[in-house]
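Working through the structure, step by step
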Amino acid sequence: MRIRSRRDLKDNMLRTHYSREITPDDDGKNVVIAGWVHEIRDLGGIAFLVLRDRDGFVQVTLSKGKVDEKLFNLVRSIARESVVLVSGVVKREDKAPNGYEIIPSELQVLNKAESPLPLDVTGKVSADLDTRLDSRFMDLRRQRTQAIFRIRHHVLRAIRTFLENSGFVEINTPKIVATATEGGTALFPITYFEQEAFLSQSPQLYKQIMMAAGLDRVYEIGPIFRAEEHDTTKHLNEVSSVDIEASFVTHEDVMSILELLVKSTYSHVTERCKHELDVLGVRLKIPKVPFKRLSYDEAIDIGGIEWGDDLDTAAEKLVGEKISEHYFIVDWPTEIKPYYIETYEDRPEICKAFDLMHPRMEIASGAQRVHSHELLLRRIEAQGLNPEGFEFYLRAFKYGMPPHAGWGLGLERLLMTMLDLNNIREAILFPRDRRRLSP
Ligand code: ATP
Ligand code: MG
C-alpha cells in the first residue's frame, strides 16, 4: 500500500494504538500495542505485564488456562525493559490503572533487554545524576525525566509561536566562526583547514548584521559554546540560546518583548503540560508583567558589592531573596558590559544594558546596541580589541544600519528556574561540561 496521508502512515505501522488512545469504551476491540516491559507481576495463576509506551502504562492480563500456555510461560520469563508487541482484546476492568486491560492473543518480544539494568526505570531506586547521565537513554524512560523534556518541547513551541506572532523571522547563523564576539571570553578553538577558528559563543554579531540586511526582527534558537572552566550547577559549556534582535526599537521595547515571552511560555506550559507538571510536583506561578526594574546601583546595594563589579552568585541570591519574582537589572556600568552596547547620551559611564533575573539566577542579557560605525569602532579599540577581526561586522554599519536592540535567553536556565531543577544538567539531554563529553 502506498502512503498517501498521515492516516495511512499510522495504518502501516506495527501497532494500532498508543496507550492513550484506548479507553474502557473500546471493550471488545482488537488492538496491537507496543512498548517496554515495565513490570511483570507473576501471581501463579495469573500474570500481569505492565507495558509502557511513550504516553503511559497498559495492563496486559494473562490468566492461566484462559490464554495459551506457551504465551503464559513466555510472559513470565521476559526480562524487564525488553521491547514487546502485544495483540489482544480490550476488556473493561475497573481495577486496572486506566479502567481497562488487554487480554493478549499474541505477544512478540521484538528485542530482549539485558540484565541487570543500568538504572531503575520505575524510579523506586534512586540514582545519582552522573549515573543517570551516563545512561541517559534509560534515564529518559523514567517519567520524571521524560516530563522535563516534554515540557522543554512545549517551551520551545511557546517561544516560537510567540515570536512568530510578534513578527520575528527565524534564522540560523554560523557556529564555526573566525572571531570572538566579545574578545577575552573563553572560546573553544577548532581546526578549520589551515585557519584558526572557534565555536561560536553567541550569534550576536550575525543577528546584528541581519538588522543591516533589513530583516527587521529576527530570532535564532541554537547552540552557543562557552569554554568556561568553572563547574557549577548553572553553567554548561554548550548551551541552547534563544536570541532576538529587532530594528527601530529601544532596549525598553525588547525588555517588554522578553517579559511577555516569559509570561506566555509559563501560560502555555501551564495549559499544555498539566500531567508533566504533576509528575514533577511543580505548580507554576505565571509571572505578572511588567517585571520590576531594579537599577544596577540598587542591586549592588542589596547584593553588598562594589560599583563596577558584576553580580556574583552570592549577590544574585541576596537580591533574589528580596525581590522573589522575575526582575530586570538595568543601567549597568559601561565598563563591565560588551563594546556593542549603547551608553546614555548624558552619562557615558552607564549603558542601556539589562539582565533578566529569576530570583535564583540570571536568565537573559540584552541591550540597546551601538549603531554608529564610528562609535562602534572606537568602542572596539577602547576595549583593546583588534578591529581587523571585526571587519565583516563593522562593514554592516557603514551603509545604513538602523537603531536596534535585542537579547539572549538561556533555554536551560529558563527551564531550570521554571521547573525548580537543582542542576542545569537536568534541563539538557546530553550536557557538556568540564568532565563530560560523552554520551
Ligand atoms: P553568567 O554571568 O550567569 O555566567 P553571562 O552573563 O556570562 O552568564 P551571557 O553572555 O549574558 O551570559 O549570555 C546570555 C544568557 O545565556 C545568560 O543569561 C544565560 O541564561 C545563558 N548562558 C550564558 N552562558 C551560560 C552557561 N555557561 N551555562 C548556561 N547558560 C548560559
Ligand atoms: Mg549576561
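Let us look at the structure shown here. (Residues numbered from 1 in each chain as written. Chains lettered and ligands numbered in written order. Predicted model: local features only at pLDDT ≥ 70, side-chain atom pairs only at ≥ 80, totals over all residues. Heavy atoms only, no water.)

**Quick notes on the layout of surface pockets**
How we decide: Within this scheme a cavity is a closed region of a 1 Å grid, computed over the protein atoms alone, that accommodates a 1.4 Å probe without allowing it to escape, whereas a pocket is open but has protein on both sides within 12 Å along at least five of seven lines; lining residues each have an atom within 4 Å of a point. Grid points are joined across faces, edges and corners, and a volume is the space filled by probe spheres set on the points. What counts as a helix is a DSSP run of H or I of at least four residues, what counts as a strand is a run of E of at least two, and both are numbered from the N terminus. Each residue is assigned to one class: nonpolar for Ala, Val, Leu, Ile, Met, Phe, Trp, Tyr, Cys and Pro, charged for Asp, Glu, Lys and Arg, and polar for all the others, Gly among them. The split into domains, and so the bounds of each, comes from an automatic or database assignment of domains.
Of the pockets and cavities examined, the largest pocket occupies roughly 1,100 Å³. Taken together, 46 residues form the lining of the largest pocket, with Glu182, Arg226, Lys337, Glu362 and Ser365 sitting closest to its centre. Elements represented by at least two residues in the lining of the largest pocket include exactly α6 (204-212), β11 (238-247), α10 (313-323), β13 (327-333), β15 (347-358), β16 (361-368) and β17 (404-410). With five residues, the single largest contributor to the lining of the largest pocket is β16. A per-class count over the lining of the largest pocket returns 18 nonpolar, 13 polar and 15 charged. Along its surface, the second largest pocket is lined by 22 residues, and Arg54, Asp55, Gln146, Arg150 and Glu276 are the ones closest to its centre. Elements with a minimum of two residues in the lining of the second largest pocket: β2 (46-53), β3 (56-63), α5 (143-165) and α8 (274-280). With six residues, α5 is the single largest residue contributor to the lining of the second largest pocket. By residue class, the composition of the lining of the second largest pocket is six nonpolar, six polar and 10 charged. When residues of the lining of the second largest pocket are sorted by domain, at least three fall in each of domain 1 (6-111) and domain 2 (137-427).

**Comments concerning α6**
The periodicity of an α-helix, 3.6 residues per turn, causes residues three or four places apart in sequence to face the same way. Inclusion rule: Each residue is placed in one exposure class: buried if its accessible area under a 1.4 Å probe, protein chains only, is under 20% of its type's maximum, exposed if it is over 50%, and partly exposed if it falls in between.
Regarding α6, the residues found buried are Gln204, Leu205, Lys207, Gln208, Ile209 and Met211. Of the residues flanking the end of α6, it is Gly214, one or two places downstream, whose phi is positive at about 85°.

**Describing the pairing of β11**
Put simply, the test is: Pairing between strands is defined by DSSP: at least two bridges between them are needed.
Within β11, nine of the 10 residues are buried, leaving the element largely enclosed by the surrounding structure. Pairing geometry for strand β10 (residues 217-225) and β11, over nine bridges, is antiparallel. Directly across from Phe225, in β11, lies its bridge partner Glu238. By the bridge criterion, seven bridges tie β11 to β17 in an arrangement that is antiparallel. From the neighbouring strand, Val242 faces β17, where its bridge partner is Leu409.

By themselves, these figures tell us nothing about what the structure is for.
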